[in-house]
Amino acid sequence: MRRSASVLILMWLGVHVVLGQTSPVLADSDRQAERQALVQSLSGVAPDLMIDDPDVRAAMLHVPRHRFVPDGLQDQAYLDKPVPIGHGQTISQPTVVALMTQLADVDSTQKVLEVGTGSGYQAAILAQLTDQVYTIEIIEPLAKDAVERLANLGYDRIRTREGDGYYGWPEQAPFDRILVTAAAAHIPPPLLEQLKPGGRMIIPVGPRWGAQTLMLVTKDQAGETTTESLLPVRFVPLTSKSLR
Ligand SMILES: C[S@@+](CC[C@H](N)C(=O)[O-])C[C@H]1O[C@@H](n2cnc3c(N)ncnc32)[C@H](O)[C@@H]1O
């Protein structure tokens, strides 16, 4: 009884103990404790935009964010800030990932498209909620790295494609949910077309590096869309020949 209590306390302190060994390994290689602290600290950005969905919080707790940031920057993985991933791109701030996921309101029967794979982290979070995740990245080396990273982590159901996500993924459309993780000057019409009746799209809209707004687009059963501005944000630009 006393031994199991002390093992629990050591594990709580982030110390990994192998029973039967005399010295504990002083490293939480999975960084569970840091992840837990991050998730506990995530609150929201406004009273009506609190991060309180238990499935989203569980997903954030499960996915090892440090495996999605470059070597050398892993100590920044559990800070609530974006982290550079190369090629001028970033893995989004955890609060933003959690909020976008919560706003998407994904259930396990739904098909989700993400535009802007980046590191693959947002796709991995979505894959905790549904098996049908499709993600597109325009920068070839990022797309290749994400495919390899997601496979190494066992996310074998996420479908990744290199290409211009402005045009969506017509062969797999329609989608119940669409998340765009780069800011566009306008909502891409092909994405609106590929959104199912009853669907939701979360997308930052605004000028490159300027004042952008996170928007929620809903499509009713008759195919009518409604757009709601949620909060000011700052995302890297969606790059597309249609936006030049
Ligand atoms: C903020 S990062 C996304 C972070 C990513 N969701 C993650 O979890 O790491 C935005 C990404 O969108 C990509 N991107 C920009 N324009 C795109 C486009 N037209 N189609 C697909 N990806 C695009 C960028 O190359 C970048 O990787």
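Reading the values: the criteria
- As a convention, each chain's residues are numbered from 1 in the sequence order in which they are written.
- Where local features are concerned, this predicted model is filtered to residues with pLDDT of at least 70; where side-chain atom pairs are given and counted, the filter is 80 or more; whole-chain, interface and lining totals use all residues.
- Only DSSP runs of H or I covering at least 4 residues are called helices, and only runs of E covering at least 2 are called strands; the numbering of each starts at the N terminus.
- Backbone-placed C-beta atoms define the burial measure: a residue is buried with 20 or more other C-beta atoms within 10 Å of its own, exposed with 12 or fewer, and partly exposed in between.
- With C-beta atoms placed from the backbone, a contact is any residue pair whose C-beta atoms sit within 7 Å.
- In this analysis, residues qualify as near a molecule or strand once their C-beta atom, positioned from backbone atoms, comes within 6 Å of it.
- The nonpolar class holds Ala, Val, Leu, Ile, Met, Phe, Trp, Tyr, Cys and Pro. Asp, Glu, Lys and Arg form the charged class, and all remaining residues, Gly among them, are polar.
- Should DSSP find at least two bridges between two strands, the strands are taken to pair.
- Fitted lines through C-alpha atoms give the axes, limited to the stretch in contact for helices. The angle between two N-to-C directions lies from 0 to 180 degrees.
- When the strands point away from the viewer, a crossover counts as right-handed if the path from the first strand over the helix to the second runs clockwise.

Undergrad: Now, about unusual backbone geometry: what can you tell me, with residues and values included?
TA: The omega torsion of the bond from Ala173 to Pro174 falls at 5°, within 30 degrees of zero and hence cis. Inspection of the secondary structure puts Pro174 in the loop between strand S5 (159-162) and strand S6 (175-180). In this structure, His87 is a non-glycine residue whose phi angle is positive, near 60°. Assignment of secondary structure puts His87 in the loop between strand S1 (83-86) and strand S2 (89-91). Assessed through the 13 C-beta atoms surrounding it within 10 Å, His87 is described here as partly exposed.

Undergrad: Residues and numbers for the environment of Ala185, please.
TA: Considering the arrangement of structural elements, one finds Ala185 in the loop between S6 and helix H7 (189-194). What makes Ala185 partly exposed here is the crowd of 16 C-beta atoms within 10 Å. C-alpha separation for the pair Ala185 and Gln212, spaced 27 residues apart in sequence, amounts to 8.8 Å. Ala185 has contacts with Pro207 and Leu243, leaving out every residue within four places of it along the chain.

Undergrad: Lay out the site of the ligand with the relevant residues and their values.
TA: Inspection of the region around the ligand gives 25 residues, with Gly116, Gly118, Ser119, Gln122 and Gly165 positioned closest. If one sorts the elements of the shell around the ligand by residue count, S2 sits on top with 3 residues. Across the shell around the ligand, the residue classes tally to 12 nonpolar, 11 polar and 2 charged.

Undergrad: Describe helix H4 (residues 94-104), and please don't skip the residues or the numbers.
TA: The element H4 is extensively covered by neighbouring structure, given that 10 of its 11 residues are classed as buried. Restricting attention to buried positions, one finds in H4 the residues Pro94, Val96, Val97, Ala98, Leu99, Met100, Thr101, Gln102, Leu103 and Ala104. Among the residues trailing H4, Asp105 stands out with phi positive, at a value near 55°.

Undergrad: Describe in detail the pairing of S1, supporting the description with residues and values.
TA: Relative to S2, S1 runs antiparallel, the two sharing 3 bridges. Among the inter-strand pairings, Val83 is bridged to a residue of S2, identified as Ile91. If you look at the hairpin formed by S1 and S2, you'll find 2 residues sitting between the two strands, and His87 has a positive phi there, around 60°.

Undergrad: So what's going on with the sheet that holds strand S9 (residues 225-233)? Which residues, and what values?
TA: Taken together, the 7 strands give an open sheet; going across it, the order is S5-S4-S3-S6-S7-S8-S9, and neighbouring strands pair in mixed fashion. The open sheet has two edge strands with one neighbour each: S5 and S9. Pairwise comparison of adjacent strand axes, ignoring direction, gives a mean angle of 15° for this sheet. Note: strand S3 (residues 111-115) against S6, 4 bridges, orientation parallel. Residue pairing across strands places Val112 opposite Arg177, the latter belonging to S6. Where H4 meets the sheet, its contacts fall on S6, strand S7 (195-205), strand S8 (212-219) and S9, and the angle it forms with S7 comes to roughly 160°.

Undergrad: Provide a residue-level description of the pairing of S5, including the pertinent values.
TA: One ladder, built from 4 bridges, connects strand S4 (residues 132-137) with S5; its direction is parallel. Looking at the pairing, Glu137 lines up with Glu162 of S5. Each parallel crossover has a hand, and the one from S4 via helix H6 (residues 140-152) to S5 is right-handed.

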